[in-house]
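Report on the structure
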Amino acid sequence: MVVSLMVATSMANAATFNTDDVATHEHWQSMTLSLGSERHYRAIETHSYSDATLSLNATAGVCDLPWLEMRVTLEQQQGESRAVNLVPARLRIDEQPVIDTMAEFITERGDDGFYAHFYLSDLTALMADMRQGEQLFLGFDQAEREPWYMTFSLQGADAAINRMLTQCEGSGTH
């Protein structure tokens, strides 16, 4: 199920979806992405960086399997869809314990984004911490180079996550 969800995620990134029902929640937004009968629901933070976003996403029909994704804008459209790398990553919310995980770096043909999909064993606990926290810290190992760190604001995450889940669960196809 997770593999098919990851494939659906990649396809969602490659296609141009219609964005509807956008609501702002401090530094976060919530929205519906649609293409034909396909529906995704997103809580997204675009405040912390001009070229990067952090999002929680859920798909109609599998609302209980949300996924965490980071997108960084690149200088040009990508020529192919591929998994670039799988790297050790760390997530931490405020002073909570560090969550060690893996992140898969992906590019999509025709898209100027670079995506990091996080493999998390307990996304429910992470979402609960995100709802109460102030900042989410990410760290990516880069072999011999220094780790790459990013920090995202969680102001408004609670309302955005709640709205995303409510919209998904209310979509009637779960």
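An account of the accompanying structure is given in this report. (Residues numbered from 1 in each chain as written. Predicted model: local features only at pLDDT ≥ 70, side-chain atom pairs only at ≥ 80, totals over all residues. Heavy atoms only, no water.)

Looking at the overall build of the chain
- When helices and strands are tallied, the chain shows three helices and 10 strands.
- Overall, the chain shows an N-to-C arrangement of helices and strands of α-β-β-β-β-β-β-β-β-α-β-β-α.
- Looking at the chain as a whole, 46% of its 174 residues are labelled buried.
- In the chain, the proportion of contacts linking residues at least 24 apart, taken out of those at least 6 apart, comes to 53%.
- Looking at the chain as shown, the accessible area adds up to about 9000 Å², and 48% of this sits on carbon and sulfur atoms. (Helix = DSSP H or I, 4+ residues; strand = E, 2+ residues; numbered from the N terminus. Buried < 20%, exposed > 50% of the residue type's maximum accessible area, 1.4 Å probe, protein only. Contact = heavy atoms within 4.5 Å. Areas by Shrake-Rupley, 256 points an atom, 1.4 Å probe, with all protein chains shown as cover.)

Examining the state of the cysteines
- Counted according to the given criterion, the structure contains one disulfide.
- One disulfide in the model links Cys63 with Cys168; its S-S distance is 2.1 Å. Because the torsion about its S-S bond is -90 degrees, the bridge between Cys63 and Cys168 counts as left-handed. On the criterion of sequence distance, the pair formed by Cys63 in strand 5 (residues 62–73) and Cys168 in helix 3 (residues 157–169) is long-range, its members being 105 residues apart. With respect to class, Cys63 is no different from Cys168; both count as buried. (Disulfide = S-S within 2.5 Å.)

Describing helix 2 (residues 123–132)
- Among the residues of helix 2, those classed as buried are Leu123, Leu126, Met127 and Met130. All buried residues of helix 2 project into a common sector of 100 degrees when viewed along the axis, lining one side. Structural note: helix 2 exposes Thr124 and Gln132 on the side pointing more than 90 degrees away from its buried face. (Arc of directions from axis to C-beta.)

Examining the side chain of Ser30
- Along the chain, Ser30 falls in strand 2 (residues 28–35).
- Polar side-chain contacts of Ser30 include one of 2.7 Å to the side chain of His25.
- Ignoring any residue separated from it by four or fewer positions in sequence, one finds Ser30 in contact with Asp21, Val22, Ala23, His25, Arg42, Ala43, Ala160 and Arg163. (Polar contact = N/O pair within 3.5 Å; in protein donor to acceptor, adjacent residues only side chain to side chain.)

Quick notes on the pairing of strand 2
- Taking burial as the measure, the eight residues of strand 2 include six buried ones, the bulk of the element.
- Summarising the sheet, strand 1 (residues 18–25) and strand 2 pair through six bridges and their orientation is antiparallel. Residue Ala23 lies in a different strand from strand 2, and its bridge partner there is Ser30.
- Between strand 1 and strand 2, which pair antiparallel in sequence order, lie two residues; one of them, Glu26, sits at a positive phi of approximately 55 degrees.
- In terms of strand pairing, strand 2 meets strand 3 (residues 38–45) through eight bridges, oriented antiparallel. Looking at strand 3, one finds that Ser30 is bridged to Ala43. (Pairing = 2+ DSSP bridges.)

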